[in-house]
Amino acid sequence: MVRIGEGIEVKDELIKKACNFAMEAHNMSSGKPYIYKKISGSTDVVFGFAGTWSLHGWYSNTPFGETKINSTLFPSLKSIGTDEVAMVNEAFATRFEDILNKSSLKIEVEKAVLEGKQIVFAGHSAGGPIAILAALWCLECCRTTLNGKLDRPVYPYCMTFGSPLVGDRIWSHALRRENWACYFLHFVMKYDVVPRMMLSPLSSIKELLQAIFGFINPKSPYYQHEAVSRSSDALKFFMTVMRSASCVASYAACNLKGCTNLLLETVSNIVQLSPYRPFGTYIFCTGNRKLVVIENPDAVLQLLFYSSQLSSEAEAAVVVPRSLNDHLLYRNEMQDSLEMQDVVSLNNLTDIPLSSNVILSDEVATMNSALNDLGLSTRARLCLRAAGEWEKQKKKNEEKIEQNKKSIVDGLRKIQEYQTKCDIRKVGYYDAFKLQETIDDFNANVKRLEQAGIWDEIIEMLKRYELPDSFEGRKDWIQLGTQFRRQVEPLDIANYYRHLKNEDTGPYMIRARPKRYRFTQRWLEHFERVQAGARSESCFWAEVEELRNKPFEEVQNRVLSLETTASGWIQSGLLGNDVFFPESTFTKWWKTLPAQHRLASWVSGKITC
């Protein structure tokens, strides 16, 4: 067994089979978009995807060919709190959706899932992105439409070999949050240029792609032609891609190291950088039968650049042909490397030795040997360390806010006690807080402000991606955030309308709702897989405040909608009976509605007119 992915073990034979089928799909001449193979003697099945060699199969009209991903097919690919949707290579995404809609892929995958098969989606070269998208679609599908039919969860593997990059940084963030990143295994040869090429804008390599695709395409007369790999076009292509990779990696490294130089921001505004970033587990093949496993996406980006560096101009004569030839040698590499069982995992990036000669222990010596095989300079090692330090800092930030948990829980308990006192007096805590007539109201306001400070700090960290990617998916924080939102947001709304801020700023929901409530509501909606806005019960009073000062004829539909929604919230306990207290804002307003409406409404059974 070879331990490749975090938390999963992948059999050598399964990797070899996946590679073989991916290469078979790459080489087949039938025109089919994929092959489907059942592995004898096991429950494993492999879908191997073919690539495409036309320009429009790789790029659309934008400089890097990116577009927003289809949120219907891939609802998890977003940053939950900011609601930022992931970007994807448009050409690859379009090809996958065509395959999904026009072939039997959907039927075959669903059948395999329901039969409890271990599915592997595999792809070489341009087949890699299709395998990635198919695996993501399967994960989304298994969690939703197929979930009720399964005895146990099914998690497909995705294995790519020399795949180009397909998505932006949100992919890594989202997949780590969902605990899916470990199921994506990407094998990359040391000098293979294809996994790096999407870091270049189309304009810089467009004129060279015909020759490059001709070398890679098995149907081309120039397939694996030595003259192509040693041509000036190959040299220009390699150097152009690596220059772009240098820009992307250097900019990312500066951010990892906390560089505050204004020149960095100026350069990023002038030079358009590729949006594409790695995700999942990368396995770098050193070229001498060693495999280097790395899961940190920031470190992978650095390795994509530094492992293909030229130490001298003379080395180009060797490296440039390899940059194309290596792309077609994965089958042999997997056979040799997996048999050697020489696997080095770069989990502790902060312990990476900076010197290529230092030997402190057997473990460090093994790591150093692998890093030397990848040709990593001291600068490269510093960048890897920076990626590790940033990951550590995120965990420290998480530990810091964990220490605030007790303060949050204690504060919410005090606000709950305040709510109970108000209920005993038959004055809803929303209305009591709005009036601010007692010391209890003052104390509740102090707790409200304390809670706001704690949660605003958390939200700012999330906006800057300063917390581990898994944070927004943690059930304990989703529950705590929901409790906070339901108890405290009504107080914020009461404060807003008490001070008539709506007259200057506008409606609370449109102009003033704090991010601490927007984020925590989205956490819950994503966790429960419901549509956006379905868990907006904490905003009930904001809608009441906006409706009560408008003529009924203008807002009749909104009133009916609020009553319908509120009925469900009342039945599920998300709204309390304090809404119907005689002196509540809701009761007073509702009594002013036309008699015909009141008599037909379920609310009439709750309020005595």
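Everything discussed here concerns the structure shown above.
Described in the following lines is the structure provided in the data block.

Procedures and definitions
- Residues numbered from 1 in each chain as written.
- Predicted model: local features only at pLDDT ≥ 70, side-chain atom pairs only at ≥ 80, totals over all residues.
- Heavy atoms only, no water.
- Helix = DSSP H or I, 4+ residues; strand = E, 2+ residues; numbered from the N terminus.
- Contact = heavy atoms within 4.5 Å.
- Areas by Shrake-Rupley, 256 points an atom, 1.4 Å probe, with all protein chains shown as cover.
- Phe/Tyr/Trp six-rings, centres within 6.5 Å; stacked < 30°, edge-to-face > 60°.
- Buried < 20%, exposed > 50% of the residue type's maximum accessible area, 1.4 Å probe, protein only.
- Pairing = 2+ DSSP bridges.

Things to note about the overall build of the protein chain
Argument step 1. For the protein chain, the count of helices and strands is 27 helices and 12 strands.
Argument step 2. Overall, the protein chain is about 90 × 55 × 45 Å in size when its C-alpha atoms are taken along their principal axes.
Argument step 3. In the protein chain, 75% of the contacts between residues at least 6 apart in sequence involve partners at least 24 apart.
Argument step 4. If you sum the accessible surface of the protein chain, you get close to 26900 Å²; carbon and sulfur atoms cover 49% of it.

A closer look at the packing of aromatic side chains
Argument step 1. Counted under the stated rule, the structure contains 33 aromatic pairs.
Argument step 2. Measuring from centroid to centroid gives 5.8 Å for Tyr34 and Phe49, while their planes differ by 45°, and the two rings are tilted. Of this pair, Tyr34 sits in strand E1 (residues 34–38) while Phe49 is found in strand E2 (residues 44–49), placing the two residues 15 residues apart along the sequence. Each member of the pair, Tyr34 together with Phe49, is buried.
Argument step 3. Residues Trp53 and Trp58 carry aromatic rings whose centres are separated by 6.2 Å and whose planes lie at 40° to one another, so their mutual orientation is tilted.

Considering unusual backbone geometry
Argument step 1. Unusually for a residue other than glycine, Ser125 sits at a positive phi of about 55°.
Argument step 2. In this structure, Ser125 sits in the loop between strand E7 (118–124) and helix H4 (127–143).
Argument step 3. We note that Lys426 has phi near 60°; this positive angle belongs to a residue other than glycine.
Argument step 4. Counting through the fold element by element, Lys426 comes out in the loop between helix H17 (405–424) and helix H18 (429–435).
Argument step 5. When its relative accessible area of 52% is taken as the criterion, Lys426 is described as exposed.

Looking at the pairing of strand E10 (residues 281–285)
Argument step 1. Buried residues dominate E10, accounting for five of its five residues.
Argument step 2. Pairing between strand E9 (residues 184–189) and E10: five bridges, direction parallel. Residue pairing for E10: Phe187 is matched across the bridge by Ile283.
Argument step 3. Of the strand pairs in this sheet, E10 and strand E11 (residues 291–294) are connected by four bridges, and their pairing is antiparallel. Among the inter-strand pairings, Ile283 is bridged to a residue of E11, identified as Val293.

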